[in-house]
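# Architecture at a glance
Take a look at the letters that make up each chain.
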Amino acid sequence: LAKTTQPISMDSYEGQEVNITCSHNNIATNDYITWYQQFPSQGPRFIIQGYKTKVTNEVASLFIPADRKSSTLSLPRVSLSDTAVYYCLVGDMDTNAGKSTFGDGTTLTVKP
Amino acid sequence: SAVISQKPSRDICQRGTSLTIQCQVDSQVTMMFWYRQQPGQSLTLIATANQGSEATYESGFVIDKFPISRPNLTFSTLTVSNMSPEDSSIYLCSVPLGGSYGYTFGSGTRLTVV
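If you're wondering where the values come from, they're calculated on a predicted model, not measured in any experiment.

A separate point is the environment of Lys 65 of chain B. Residues and elements named next belong to chain B. Tracing the backbone shows Lys 65 in the loop between strand 6 (56-57) and strand 7 (68-72). Along the primary structure Lys 65 and Met 83 are separated by 18 residues, whereas in three dimensions their C-alpha atoms are 8.6 Å apart. With residues up to four places along the chain from it excluded, the contact list for Lys 65 reads Thr 79, Val 80, Ser 81, Asn 82, Met 83, Ser 84 and Asp 87. Polar side-chain contacts of Lys 65 include one of 2.6 Å to the side chain of Asp 87.

Encoded structure:
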């Protein structure tokens, strides 16, 4: 499973757009990229997945450049409730039987 | 997506004892995963629980310490045996979301060993 690198922490203010970038230089051809959000005392929650280009859902957007060696999670107009740890995961979810290797994550703090 | 009920939500245990954590899913799933999250740390995969066969353990985790049962496609248990304070962590189970490569997690069991 590809190793991922994220910033340890980020600060933002309410109403701003937040972009969290994850590096995964060793991503393999069959690997997908998934992002999770974790609040204190809760299990991680799946946010978004992607393979290439751009993916958008009701929560976030995921930007993946052509070389796929990085990805950026974009959270539009964050609020205080978006304060959480965000994890980027990379893996071939078929051949690796769904095992997810969590990196250190990015602690996002949204300030009023 | 599947909904997971995990019990107990927290417990305080004496060292040398064992605790069994239960994970119930509202739909049938082929694989279930058990994770450990030590205080202030990320998640570490303990093992994959397969129905009808022995669990597959990750490096650093052994069956004698973390025996797992998977009696059917909706239920699994993880036992933390002969506990020491170093076992104080949050333990989580996880199953595939279905329709994506994502996973859903239980709310976790916060274990404190004294």
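So, next bit.
On to the interface of chain A and chain B. Contact with chain A, which involves 20 residues of that partner, is made by 20 residues of chain B. Both faces considered, chain A and chain B share a buried interface measuring about 1,600 Å² in area, 56% of it formed by carbon and sulfur atoms. Between the two partners, chain A and chain B, sit 0 salt bridges. Listing elements by their share of the side of chain A that touches chain B, those giving two or more residues are strand 3 (32-38) and strand 4 (45-50) of chain A. Element by element, the count of residues in the side of chain A that touches chain B is highest for strand 3 of chain A, at 4 residues. A class-by-class count of the residues in the side of chain A that touches chain B yields 8 nonpolar, 9 polar and 3 charged.

Right, let's get into the confidence of the model for chain A. Looking at chain A as a whole, the pLDDT averages 90, with 91% of positions reaching at least 70. Across chain A, strand 9 (residues 106-111) of chain A holds the top mean pLDDT of 98, while strand 8 (residues 84-91) of chain A sits lowest at 92.

About the thresholds
- Residues numbered from 1 in each chain as written.
- Chains lettered and ligands numbered in written order.
- Predicted model: local features only at pLDDT ≥ 70, side-chain atom pairs only at ≥ 80, totals over all residues.
- Heavy atoms only, no water.
- Helix = DSSP H or I, 4+ residues; strand = E, 2+ residues; numbered from the N terminus.
- Contact = heavy atoms within 4.5 Å.
- Polar contact = N/O pair within 3.5 Å; in protein donor to acceptor, adjacent residues only side chain to side chain.
- Buried area = accessible area lost by both parts, 1.4 Å probe.
- Salt bridge = Lys/Arg side-chain N within 4 Å of Asp/Glu carboxyl O.
- Nonpolar A, V, L, I, M, F, W, Y, C, P; charged D, E, K, R; others polar.
- pLDDT = per-residue confidence, 0-100.

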